[in-house]
Amino acid sequence: MAYATRLFRLPPAYRTATLGLRLLHVTSPAQQGIQAAQLQKTLVAQRKPLVAKENLVFGHTFTDHMLSIDWTAKGGWERPQIQPYGPLQIDPCCAVLHYALECFEGLKAYRDAQGHVRLFRPDKNMERMNNSAERLHLPQFDGAQVLECIKELLRIEKRWVPEGRGYSLYLRPTLISTENTLGVHRSNSAKLFVIASPCGPYFPTGFKAVGLYCDETNVRAWPGGVGNKKLGANYAPSIGPQVRAENKGYQQVLWTIGEDHELMEVGTMNLFVFWRTEAGELELVTPPLADGTILPGVTRASILELTREWGEFKVSERKVNMRQVARASDEGRLLEVFGAGTACVVTPVNRIHFQGRDYHVPLDPADAASQAGPLAARIYSTLFAIQYGEQPSKWSVVVD
């Protein structure tokens, strides 16, 4: 296949952009950091046909190009490359294949009503990815510089960002060890790459509340572990429990820990409980980040900030256990439960199976046919409006 290659240089303003993100070094500060101004582009001569947005299946279609940046312990980060999307060529003994030395992120690009492409709080994804990389002793990077490279990828792939509310271009930044020796040790080489996949609405026909199966045997994460890092190694062990939950008729696993069954996460989402406390106070509560078991989700943080700005009820980050939720359900104090994440924004819950019994979770008491509670629906609508540029917010970053 023939390609057209040229060196792309960003305007000077972009070269000094920082977005408030720190540049961390794994070894010597003299190493080369990522420089968006040195971005090189190799473009396909023939672009792929677009898939009709109504036929999009999450993670099945990918754009024409990808971003790739290599790193070595000796030389630091090499020149960023936008190149044709295609298979990676790595050695069979690569550490990522044997020891799961890999972390990733997930964020979306949205097309607003004026045709502009937007990102939602992308600096948060870069910050979290650096935190994940640090635990694996993979190389740190300047998040602002990587974001400028991602923005240029989006400009090239703008035609792949579908129009319409609920449609988006999913971005998957990934950092892997390319160390080509066996043995568990720090990596001397790595690759950061970003691929993009157009996707449709998580709920194509409107909200669909899900049932949760409280897993009393398996644990997703533990204090001092890596539950607060976005590592591939955190996701693979969840597949077996998820399949068993589905076989029992439930859509997601409710992860807990300890004899009191402290709530952790739901599936791959952060968990929120909206209830009236035993003292009669309205409260939105989500498990805290302090012990490292909970992933610091971007949507989670946004919900906490948003609802605290509303100032209409108490918003807490504290430990809650399943026995408390069960008692609240029995006493009529449980109002809503929902998951939150990039893919869905929010996912309402209508029942939780715990110790042989299904506990009912209310949705909208004013509408028996509703598949979402009033709070979940309001949060969903507000965040959607921000993501698509319908509501002004510093969280929405215009790319073009």
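Residues numbered from 1 in each chain as written. Predicted model: local features only at pLDDT ≥ 70, side-chain atom pairs only at ≥ 80, totals over all residues. Heavy atoms only, no water.

A. Structural context of the overall build of the chain. Each helix and strand in the chain was counted, giving nine helices and 20 strands. Over its C-alpha atoms the chain spans a radius of gyration of 22 Å, differing by no more than 12% from the 21 Å that the globule rule assigns to 400 residues. Each of the three principal axes of the chain carries a C-alpha extent, and together these read 65 × 50 × 40 Å. Counting across all 400 residues of the chain, residues that qualify as buried make up 54%. Of the side chains in the chain, 44 bear a positive and 40 a negative charge, and the two mean positions are spaced by 5 Å. (Helix = DSSP H or I, 4+ residues; strand = E, 2+ residues; numbered from the N terminus. Rg over C-alpha atoms; globule rule 2.2 N^0.38 Å. Buried < 20%, exposed > 50% of the residue type's maximum accessible area, 1.4 Å probe, protein only. Lys, Arg positive; Asp, Glu negative; His and termini not counted. Charge placed at Lys NZ, Arg CZ, Asp CG, Glu CD.)

B. How the structure looks around the side chain of His 65. In this structure, His 65 sits in strand β3 (residues 65-72). Relative accessible area serves as the criterion here: at 0%, His 65 is assigned to the buried category. Excluding residues that lie within four positions of it along the chain, His 65 makes contacts with Thr 42, Leu 43, Val 44, Arg 47, Ile 82, Gln 83, Pro 84, Tyr 85, Leu 153, Ile 156 and Glu 157. (Contact = heavy atoms within 4.5 Å.)

C. Layout of the packing of helix α3 (residues 122-136) against helix α4 (residues 143-156). With their axes 9 Å apart at the nearest point, α3 and α4 run at an angle of 125° to one another. One way to sum up the angle between α3 and α4 is to call them oblique. As α3 runs across α4, the sense of the crossing is right-handed. Between α3 and α4, the contacting residues are Pro 122, Asp 123, Met 126 and Asn 130 on the first element and Gly 143, Val 146, Leu 147 and Ile 150 on the second. Here the residues of the contact of α3 with α4 sort into five nonpolar, two polar and one charged. (Axes fitted to C-alpha atoms, helices over the stretch in contact; angles between N-to-C directions. Parallel < 35°, antiparallel > 145°, perpendicular 65-115°, else oblique. Left-handed = near helix turned anticlockwise from the far one by under 90°. Nonpolar A, V, L, I, M, F, W, Y, C, P; charged D, E, K, R; others polar.)

D. Looking closely at the pairing of strand β5 (residues 81-84). When strand β2 (residues 40-44) meets β5, the two strands line up parallel, connected through two bridges. Within β5, the residue paired with Lys 41 across the bridge is Ile 82. (Pairing = 2+ DSSP bridges.)

E. Expanded view of the packing of helix α7 (residues 298-310) against helix α9 (residues 374-387). Between α7 and α9, the shortest axis-to-axis distance is 11 Å and the interhelical angle comes to 105°. Viewed along their axes, α7 and α9 adopt a mutual orientation that is roughly perpendicular. Across the interface between the two elements, Thr 299, Ser 302, Ile 303, Leu 306, Thr 307 and Trp 310 from α7 touch Leu 375, Arg 378, Ile 379, Thr 382 and Leu 383 from α9. Class assignment for the residues of the contact of α7 with α9 results in six nonpolar, four polar and one charged.

F. Molecular detail of α9. Compared with the 20 Å implied by 1.5 Å per residue over 14 residues, the 20 Å span of α9 between its first and last C-alpha is a close match. Along α9, 10 of the 14 residues are buried, which leaves the element largely enclosed by surrounding structure. (Expected span 1.5 Å × (residues − 1).)

G. Here's a closer look at the nonpolar core. Judged by nonpolar contacts, the single largest core of 39 residues is most densely connected at Leu 67, Ile 150, Leu 154 and Leu 175. Those residues in contact with Ile 150 that sit more than four places away from it in its chain are Leu 67, Met 126, Leu 171 and Val 194. In this structure, Trp 275, Met 322, Val 325 and Val 361 belong to the second largest nonpolar core, which totals 25 residues. (Core = buried A, V, L, I, M, F, W, Y, C linked by side-chain atoms within 4.5 Å.)

H. Layout of the pattern of salt bridges. If you walk through the whole model with that rule in mind, you get 21 salt bridges. Ionic pairing is found between Arg 165 and Glu 390, a salt bridge with its closest N-O pair at 3.1 Å. Of this pair, Arg 165 sits in the loop between α4 and β9 (168-177) while Glu 390 is found in the loop between α9 and β20 (396-398), placing the two residues 225 residues apart along the sequence. Glu 390 sits in the partly exposed class, given a relative accessible area of 48%. Residue Arg 318 is joined to Glu 283 by a salt bridge in which the shortest nitrogen-to-oxygen separation is 2.8 Å. Placement of Arg 318 in the loop between β16 (314-317) and α8 (322-330) and of Glu 283 in strand β15 (residues 282-286) is noted, with a sequence separation of 35 residues between them. Judged by relative accessible area, Arg 318 falls into the partly exposed class, the value being 30%. (Salt bridge = Lys/Arg side-chain N within 4 Å of Asp/Glu carboxyl O.)

I. Region of interest: empty space enclosed by the protein. Per the stated rule, a full pass over the model turns up six cavities of 30 Å³ or more. If you trace the largest cavity, you find it lined by Gly 106, Leu 107, Lys 108, Tyr 110, Phe 120, Asn 125, Val 298, Thr 299, Thr 342 and Gln 387. Mapped onto the lining of the largest cavity, the elements with two or more residues apiece are β7 (107-111) and α7. With three residues, β7 is the largest single contributor of residues to the lining of the largest cavity. (1 Å grid on protein atoms, 1.4 Å probe; cavity = no way out; pocket = protein on both sides within 12 Å on 5 of 7 lines; lining within 4 Å. Points joined across faces, edges and corners; volume = space filled by probe spheres on them.)

J. Spotlight on unusual backbone geometry. Despite not being glycine, Val 345 has its phi angle at roughly 70°, a positive value. Structurally, the position occupied by Val 345 is in strand β18 (residues 345-354). Relative accessible area serves as the criterion here: at 4%, Val 345 is assigned to the buried category.

K. Layout of the packing of aromatic side chains. Tallied over the full model, the rule gives 13 aromatic pairs. With a centroid separation of 5.7 Å and 50° between ring planes, the pair formed by Tyr 213 and Tyr 250 is classed as tilted. Here Tyr 250 lies in the loop between α6 (239-247) and β12 (252-257) and Tyr 213 lies in strand β11 (residues 210-215), a separation of 37 residues in the sequence. The exposure class of Tyr 250 is buried, given its relative accessible area of 8%. Here Lys 53 stacks its cationic end above the ring of Tyr 167, 4.7 Å away from the centre of that ring. We note Arg 378 situated over the ring of Trp 310; from NZ or CZ to the ring centre the distance is 3.6 Å. (Phe/Tyr/Trp six-rings, centres within 6.5 Å; stacked < 30°, edge-to-face > 60°. Lys NZ or Arg CZ within 6 Å of the ring centre and 35° of its normal.)

L. Main features of the environment of His 116. Note that His 116 resides in the loop between β7 and β8 (117-120). On the basis of relative accessible area, His 116 is assigned to the partly exposed category, the value being 34%. Along the sequence, His 116 and Lys 158 sit 42 residues apart, while their C-alpha atoms lie 9.1 Å from each other. Aside from chain neighbours lying at most four places away, what touches His 116 is Tyr 110, Arg 111, Val 398 and Asp 400.

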